[in-house]
Amino acid sequence: MNTLSTSRRWIALGILCLSLLLAVVDNTIVNVALPTLNQELGASTTELQWIVDAYTLVFSALLLTMGYFGDRFGRKRILQLGLVIFAITSALAAFSTTSGQLIGARALMGIGAAMIFPATLAILVNIFTDPKERAAAIGIWTAMVGVAVAIGPITGGLLLEHFAWGSIFLVNIPVVIIAIVLGALFLPESRDPKVGRMDYRGLVLSAAGVGLVIWAIIEAPKLGWTSVAFLSALIGGLFLLLVFTLVERRLEHPMLDVRLFKNARFTAASLSVTTAFFALFGFIFLITQFLQLVQGFSPLEAGIRTLPFAIATGIMSPLAIVLMHKFGSKAIVTLGLLVMSAGFFIASTIEVETTYFGAVIISMVTIAAGLGLATSPATEAIMGALPPEQAGAGSAVNDTTREFGGTLGVAIVGSVFLSVYSAKVIEGYRSLGLPEQYESVVRDSMGGGLGVASQLPEGPAAQLAAFVKGAFIDGLSLGSLVSAVVVIVGAAVALKFLPARAKSHEDSHA
């Protein structure tokens with residue numbers, strides 16, 4: 001039973017949001033540094049994707065495991081340990097000297113993030129036991145996810161303006177220290193009192209299955225979507241997850257009660273979150289490069305221009321909970337996803353000469369507003385369907401859907417973008433009669449293409465730069481349309497399967 005006073009509960013929420021911020025910001029702070037990493041480490045587009053995705057791969061693969069560990073050993077304990085690991089591995093990332101070292105350090109950071117993320121939501125659910133108060137707290141928690149999407153680029157831009165790129169990782173360390181100290185003082189410990197025997201088979205099967213599926217998705221653009229390697233990894237991962245499901249159904253105390261997915265509220269809400277973050281992360285991967293390389297903003301200027309995204313999400317996420325109580329989850333989640341799709345359609349109209357105070361800012365604010373509307377009620381629907389003792393596992397499912405969707409988005413939208421960009425830019429490059437040895441550099445990334453252009457005489461330089469920017473815009477446009485279609489599918493799923501006003505676990509067991 002929750003014994004914290006009202007003031008201590010909201011202080012605890014602030015600490016949880018600070019911890020959450022670390023894990024989410026690290027997904028986005030790197031995006032604004034991609035052009036810098038391209039120049040200073042010589043990272044190709046594939047390596048840039050891995051700098052983003054190595055973190056996400058390990059993070060996603062271990063979320064279910066760490067949620068289970070939190071339920072079993074104590075959520076506060078797992079959160080605190082995750083923060084320590086996150087600080088140590090942030091230092092390793094900061095002092096990397098090659099793309100390979102940075103990718104490795106980012107993977108290790110994913111271990112700490114996987115411990116932090118599900119623990120924050122699980123602790124929240126156990127602190128806020130009143131359904132309406134809990135829904136409000138989840139609205140604030142969800143808002144922080146959206147706010148972090150914008151805080152990352154702003155913080156990254158500010159640091160890159162004044163310090164070396166390693167500073168974007170070193171900044172984590174003082175924040176971790178604050179979160180650990182305040183957490184030790186204010187956060188209560190909680191765990192599942194009926195954990196049973198350790199589910200070793202579930203731990204191995206879930207991590208291997210999710211990890212293999214995510215790896216296949218990340219590598220698909222490079223391997224080819226019909227290649228034997230991709231299909232083998234994907235089918236192998238799905239097979240392991242099927243075995244995981246069969247094993248979990250037979251256990252008295254499974255790490256994840258897979259019967260939860262028979263609950264339409266739980267499953268439809270999870271799919272809604274997946275589609276929202278698929279579209280969001282795919283778009284963020286491209287728009288941060290657009291602001292710097294096409295529009296010519298510095299990292300800080302580009303970061304500041306994502307601030308409206310944070311403001312819109314921060315306003316709409318708590319408001320969505322109010323609207324959910326009035327109109328129901330189905331209506332608000334569906335509306336939110338449709339608003340997001342409108343934002344992506346607007347983004348698909350962006351041209352090289354489009355000003356920031358036009359389709360760019362309108363698309364970002366629209367996407368952010370839709371994200372806040374959709375994900376707050378969806379998250380509340382997922383957690384409200386669970387008893388408090390299963391909060392860690394439920395939180396891990398919620399977080400896995402976010403990360404799975406985000407990884408899928410970066411991989412697929414990135415693949416669509418690169419296929420369009422490569423074909424267009426090489427066609428333009430060859431029309432100028434330029435040396436063949438630079439083709440691969442131009443084809444691999446926009447930064448590489450502009451770098452080659454800067455070394456040419458004035459006339460060909462301007463022509464190649466125009467080809468590079470035009471090819472990028474074509475890729476951005478098609479990538480945005482893919483994102484729009486995906487969230488429309490998510491809206492259709494929510495409309496069809498999400499109950500209008502599902503009873504909470506507390507209500508159904510009253």
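Residues numbered from 1 in each chain as written. Predicted model: local features only at pLDDT ≥ 70, side-chain atom pairs only at ≥ 80, totals over all residues. Heavy atoms only, no water.

Peer 1: Looking at this model, I keep getting lost on the overall build of the protein chain. Mind explaining?
Peer 2: Looking only at helices and strands, the protein chain has 20 helices and zero strands in total. Among the 510 residues that make up the protein chain, the fraction classed as buried is 61%. For the protein chain, the proportion of contacts with a sequence separation of at least 24, taken over those separated by at least 6, is 84%. Accessible surface, the protein chain: about 19,000 Å² in total, of which carbon and sulfur atoms supply 67%. Positive and negative side-chain charges in the protein chain, numbering 30 and 30 respectively, have mean positions lying 12 Å apart. (Helix = DSSP H or I, 4+ residues; strand = E, 2+ residues; numbered from the N terminus. Buried < 20%, exposed > 50% of the residue type's maximum accessible area, 1.4 Å probe, protein only. Contact = heavy atoms within 4.5 Å. Areas by Shrake-Rupley, 256 points an atom, 1.4 Å probe, with all protein chains shown as cover. Lys, Arg positive; Asp, Glu negative; His and termini not counted. Charge placed at Lys NZ, Arg CZ, Asp CG, Glu CD.)

Peer 1: Would you mind showing me how to read the side chain of Ser206 here?
Peer 2: When you line up the elements, Ser206 lands in helix α9 (residues 200-223). Here Gly202 takes part through its backbone oxygen, which lies 2.9 Å from a polar atom of the side chain of Ser206. In contact with Ser206, not counting residues within four places along its chain, are Ala61, Leu64, Thr65, Gly211, Leu241, Phe244 and Met255. (Polar contact = N/O pair within 3.5 Å; in protein donor to acceptor, adjacent residues only side chain to side chain.)

Peer 1: Sorry, what's going on with the pattern of salt bridges here?
Peer 2: Charged atoms that come close allow side chains of opposite charge to pair. Throughout the structure, instances matching the rule amount to five salt bridges. Residue Arg9 pairs with Glu133 through a salt bridge whose shortest N-O separation is 3.2 Å. Of this pair, Arg9 sits in helix α1 (residues 6-28) while Glu133 is found in helix α6 (residues 131-162), placing the two residues 124 residues apart along the sequence. Here Arg9 and Glu133 have matching classes, each one buried. (Salt bridge = Lys/Arg side-chain N within 4 Å of Asp/Glu carboxyl O.)

Peer 1: Explain helix α10 (residues 228-250) to me, please; I cannot follow it from the model alone.
Peer 2: Its 23 residues give α10 an end-to-end C-alpha distance of 33 Å, which sits within 8% of 33 Å, the value for a rise of 1.5 Å per residue. Every buried residue of α10 is listed here: Phe230, Ala233, Gly237, Phe244, Val247 and Glu248. (Expected span 1.5 Å × (residues − 1).)

Peer 1: What's the story with the nonpolar core in this structure? I'm lost.
Peer 2: Leu37, Leu124, Phe169, Phe290 and Ile350 are the most contacted members of the largest nonpolar core, which totals 160 residues. Per-element tally for this core: the top contributor is helix α11 (residues 264-294), with 19 residues. Residues within four places of Leu37 in sequence aside, it is in contact with Val30, Gly42, Ala43, Leu48, Ile51, Leu102 and Trp165. Counting residues in hydrophobic clusters, the runner-up holds five residues, among them Met316, Ala320, Ile332 and Leu373. (Core = buried A, V, L, I, M, F, W, Y, C linked by side-chain atoms within 4.5 Å.)

Peer 1: What is the right way to read the packing of aromatic side chains from this model?
Peer 2: Between two aromatic rings, the relevant description is the distance of the centres plus the angle of the planes. This model, assessed by the stated rule, comprises twelve aromatic pairs. Ring pairing ties together the aromatic residues Tyr55, Phe59, Phe117 and Trp141, which thus form one cluster. Across the ring face of Phe297, the terminal group of Arg305 is positioned such that the distance to the ring centre comes to 3.9 Å. Over the ring of Tyr356 we find Arg305; its NZ or CZ atom is 5.5 Å from the centre of that ring. (Phe/Tyr/Trp six-rings, centres within 6.5 Å; stacked < 30°, edge-to-face > 60°. Lys NZ or Arg CZ within 6 Å of the ring centre and 35° of its normal.)

Peer 1: Whenever I open this one, the packing of α1 against helix α4 (residues 75-94) confuses me. Can you help?
Peer 2: What describes two packed helices is the angle between their axes and the distance between those same axes. For the pair α1 and α4, the least separation of the axes is 12 Å and the interaxial angle reads 40°. In this view, α1 runs oblique relative to α4, as classed from their interaxial angle. α1 and α4 meet at a crossing whose hand is left-handed. Residue-level contacts link Leu16, Ser19, Leu22, Ala23 and Asp26 of α1 to Leu79, Leu83 and Phe86 of α4. (Axes fitted to C-alpha atoms, helices over the stretch in contact; angles between N-to-C directions. Parallel < 35°, antiparallel > 145°, perpendicular 65-115°, else oblique. Left-handed = near helix turned anticlockwise from the far one by under 90°.)

Peer 1: Quick question: what am I supposed to make of the confidence of the model for the protein chain here?
Peer 2: Atomic detail in the predicted coordinates should be set aside for any region of low pLDDT. When the pLDDT values of the protein chain are averaged, the result is 84; 95% of them are 70 or greater. Taking the mean pLDDT of every element in the protein chain, the minimum, 46, falls on helix α20 (residues 505-508) and the maximum, 95, on α4. Taken together, the stretch residues 506-510 has pLDDT below 50 and engages in three contacts with residues farther than four places along the chain or on a different chain. (pLDDT = per-residue confidence, 0-100.)

Peer 1: Sorry if this is basic, but what is going on with the packing of α4 against helix α5 (residues 99-127) here?
Peer 2: α5 packs onto α4 with a crossing angle of 155° between their chain directions and a minimal axis gap of 8 Å. As far as their axial angle goes, α5 and α4 are roughly antiparallel. Crossing angle aside, the handedness with which α4 passes α5 is left-handed. The residue makeup of the contact of α4 with α5, split by class, is 18 nonpolar, six polar and two charged. (Nonpolar A, V, L, I, M, F, W, Y, C, P; charged D, E, K, R; others polar.)

Peer 1: What is the right way to read the side chain of Thr65 from this model?
Peer 2: Among the secondary structure elements, Thr65 is positioned in helix α3 (residues 45-73). Of the residues examined, Thr65 reaches a relative accessible area of 7% and is grouped as buried.

Peer 1: Before we go on, may I ask you to explain the environment of Ala491 in this structure?
Peer 2: Among the structural elements, Ala491 can be located in helix α19 (residues 458-497). On a C-alpha basis, the gap between Ala491 and Ala411 in space is 22 Å, while along the polypeptide they are 80 residues apart. Residue contacts for Ala491: discarding those within four places in its chain leaves Thr334, Leu337 and Leu338.

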